[in-house]
Amino acid sequence: ALMANVTAIQAENAQFCNLSQALDIQQQVLQHEIDKVRAEQNVLSELLEQYFTDDFALIPYDSTKWLLNVLSSFLLSVFVWQPLSIYMLTVVKIWAFNHGLAFEASLENILTMLCCCCSCCSCCVCRKRRDSDTNLRMLLQGGLSPT
């Protein structure tokens, strides 16, 4: 009976040794895969860093890069910034026209436009305009005699 227990314990011990060896082998394989993935990530991060630091990383000559930068700036200006600025200027001119302002680049017109834009009716230009609108309305309704 004692010999049977010893044999059973040895068999069980052999199974644990085999399991331990299998786990060690699996751990080594997984560690190797982890190292391989980390190496790939390092290579990719270096490529991405190189790619994003230079807009034209694949072009070998500086003069070609400069020409492409000039061309891209020109196209961006023509197709994005100029139409956007024309649109904004048109909106401002229509707004100024609706508020009865002459849109010329003089300091008085710019201050008047800003005054009307901020709706501060205490300034004299806006008050005069409001008073003249009121007088015109009253004159048209017959409530004010012209002097």
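Reading the values: the criteria
Residues numbered from 1 in each chain as written. Predicted model: local features only at pLDDT ≥ 70, side-chain atom pairs only at ≥ 80, totals over all residues. Heavy atoms only, no water. Helix = DSSP H or I, 4+ residues; strand = E, 2+ residues; numbered from the N terminus. Buried < 20%, exposed > 50% of the residue type's maximum accessible area, 1.4 Å probe, protein only. Contact = heavy atoms within 4.5 Å. Areas by Shrake-Rupley, 256 points an atom, 1.4 Å probe, with all protein chains shown as cover. Expected span 1.5 Å × (residues − 1). Bend = angle between axes of the 7 residues up to and from the residue. Patch = residues over 30% accessible without salt bridge, like charges linked within 9 Å, V, L, I, M, F, W, Y side chains within 5 Å. Salt bridge = Lys/Arg side-chain N within 4 Å of Asp/Glu carboxyl O.

Asks: I'd like to hear about the overall build of the protein chain, residue by residue, with values.
Replies: For the protein chain, the count of helices and strands is 4 helices and 0 strands. Counting helices and strands in the order they occur from the N terminus, the protein chain gives α-α-α-α. Within the protein chain, the proportion of its 147 residues that are buried is 7%. Within the protein chain, residue pairs in contact and separated by at least 24 positions form 3% of the contacts whose partners lie at least 6 positions apart. Summed over all atoms, the accessible surface of the protein chain reaches about 12,800 Å², with 65% contributed by carbon and sulfur.

Asks: Please provide a residue-by-residue account of helix α2 (residues 62-98), values included.
Replies: For α2, with 37 residues, the first-to-last C-alpha span of 52 Å sits near the 54 Å given by 1.5 Å per residue. Residue Ser 77 marks the point of greatest curvature in α2, where the axis turns by about 40°. In the segment just after α2, Gly 100 is the residue with positive phi, at about 75°.

Asks: Quick rundown of a nonpolar patch on the surface? Include the residues and the values.
Replies: Together, Leu 71, Phe 74, Leu 75, Leu 76, Phe 79, Val 80, Trp 81, Leu 84, Tyr 87, Met 88 and Val 91 make up an exposed nonpolar region whose accessible area comes to about 1,100 Å². You can see Val 91 is positioned in helix α2.

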